[in-house]
Amino acid sequence: MTAPLTPPPHQPPHNNGHSDPWQAPDPMTGHLPPAPAAPHGHEEDGPGLRAELREAAVVTIGVAVLGLALGALWMWLAPRVPLVSDASAVYLKDTEGEQAIGIDGTFALLGLAFGAVTGAAVFLWRRRGGVPLVVGLALGSLLGGVLAWRFGIWLGPTQNVAEHAKEVGKGVVFDAPLELNAKGALLAWPLAALVVHLGLTGLFGPRDPDPYFATPYGPGHDGKAAPTAP
């Protein structure tokens with residue numbers, strides 16, 4: 001009679017659904033038994049590419065629609081450029097005024113504020129982030145800035161300066177149409193949104209597990225240190 005095969009005395013216990021590196025082969029076949037199947041529910045991480053693209057589309061549309069609010073605030077808060085007519089031509093009432101610069105600056109500051117808010121809001125909504133989500137945030141912010149620009153101009157004074165001057169009469173001061181001379185201000189919103197979102201993701205986003213601790217030889221596998229050579 002032969003003694004039954006037994007594992008070495010230093011064999012660690014089975015746990016966590018991982019195969020045992022010290023497990024003895026089957027005496028009949030000479031092969032190691034198959035590793036136990038992973039627990040159900042851990043086969044894939046995250047919602048999948050289709051769900052991420054759907055979330056990115058929602059972010060793009062939702063952020064872009066906020067451009068209407070930015071355009072309304074820009075029209076309300078931006079300084080006005082005063083004009084005056086002498087019945088033959090239209091002139092700037094204050095030739096040394098800096099209202100035009102103030103209009104561009106107001107749009108840029110509002111864009112930075114909207115970018116910070118939307119970047120933080122998207123992070124709080126989906127902390128795991130992802131490339132599609134970031135692309136959707138950037139694209140929605142850019143579209144929102146363009147929408148705010150055109151909507152603010154539409155809400156502001158009429159673009160037909162000559163007709164407006166005839167309506168108000170000679171020597172009467174009226175407001176010039178709202179214009180955005182520094183088109184670079186359109187990038188304030190997407191830049192601020194990306195900086196805030198990526199910063200929050202880097203500081204507070206989920207962390208991937210250390211691959212060393214996920215292997216059977218890592219100290220975190222079964223509470224024991226990895227075997228070392230004598």
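Refer to the preceding data block for the structure.
Since this is a predicted model, take the numbers as computed values, not measurements.

A.B. asks: Looking at this structure, how should I read the packing of aromatic side chains?
C.D. replies: Two aromatic rings are characterised by how far apart their centres lie and by the angle between their planes. Counting across every chain of the model gives three aromatic pairs. Residues Phe-151 and Trp-154 carry aromatic rings whose centres are separated by 5.9 Å and whose planes lie at 25 degrees to one another, so their mutual orientation is stacked. With Phe-151 and Trp-154 both in helix 4 (residues 131-155) and three residues apart, the pair spans about one turn of that helix. Of the residues examined, Trp-154 reaches a relative accessible area of 64% and is grouped as exposed. Positioned over the ring face of Trp-125 is Arg-126, at 4.3 Å from the centre of the ring.

A.B. asks: Mind showing me how you'd approach the environment of Val-81 here?
C.D. replies: Tracing the backbone shows Val-81 in the loop between helix 2 (67-77) and strand 1 (82-85). For Val-81 and Thr-95, which are 14 residues apart along the polypeptide, the C-alpha to C-alpha distance reads 9.9 Å. If near-sequence neighbours (up to four positions away) are discounted, Val-81 is found in contact with Leu-92, Gln-99, Ala-100, Ile-103, Phe-174, Asp-175 and Ala-176.

A.B. asks: Please explain the pairing of strand 1 as it appears in this structure.
C.D. replies: Remember that side chains alternate between the two faces of the sheet whenever the strand is regular. What you see with strand 1 is no split at all: Pro-82 and Val-84 on one side and Leu-83 and Ser-85 on the other are buried throughout. Strand direction decides the pairing type here: strand 1 and strand 3 (residues 174-175), joined by two bridges, are antiparallel. Its bridge partner being in strand 3, Leu-83 is matched across the sheet by Phe-174. Where strand 1 meets strand 2 (residues 90-92), three bridges bridge the pair, whose relative direction is antiparallel. Its bridge partner being in strand 2, Val-84 is matched across the sheet by Tyr-91.

Basis of the calculations
Residues numbered from 1 in each chain as written. Predicted model: local features only at pLDDT ≥ 70, side-chain atom pairs only at ≥ 80, totals over all residues. Heavy atoms only, no water. Phe/Tyr/Trp six-rings, centres within 6.5 Å; stacked < 30°, edge-to-face > 60°. Helix = DSSP H or I, 4+ residues; strand = E, 2+ residues; numbered from the N terminus. Buried < 20%, exposed > 50% of the residue type's maximum accessible area, 1.4 Å probe, protein only. Lys NZ or Arg CZ within 6 Å of the ring centre and 35° of its normal. Contact = heavy atoms within 4.5 Å. Pairing = 2+ DSSP bridges.

Keep in mind these numbers describe shape, not what the thing actually does.
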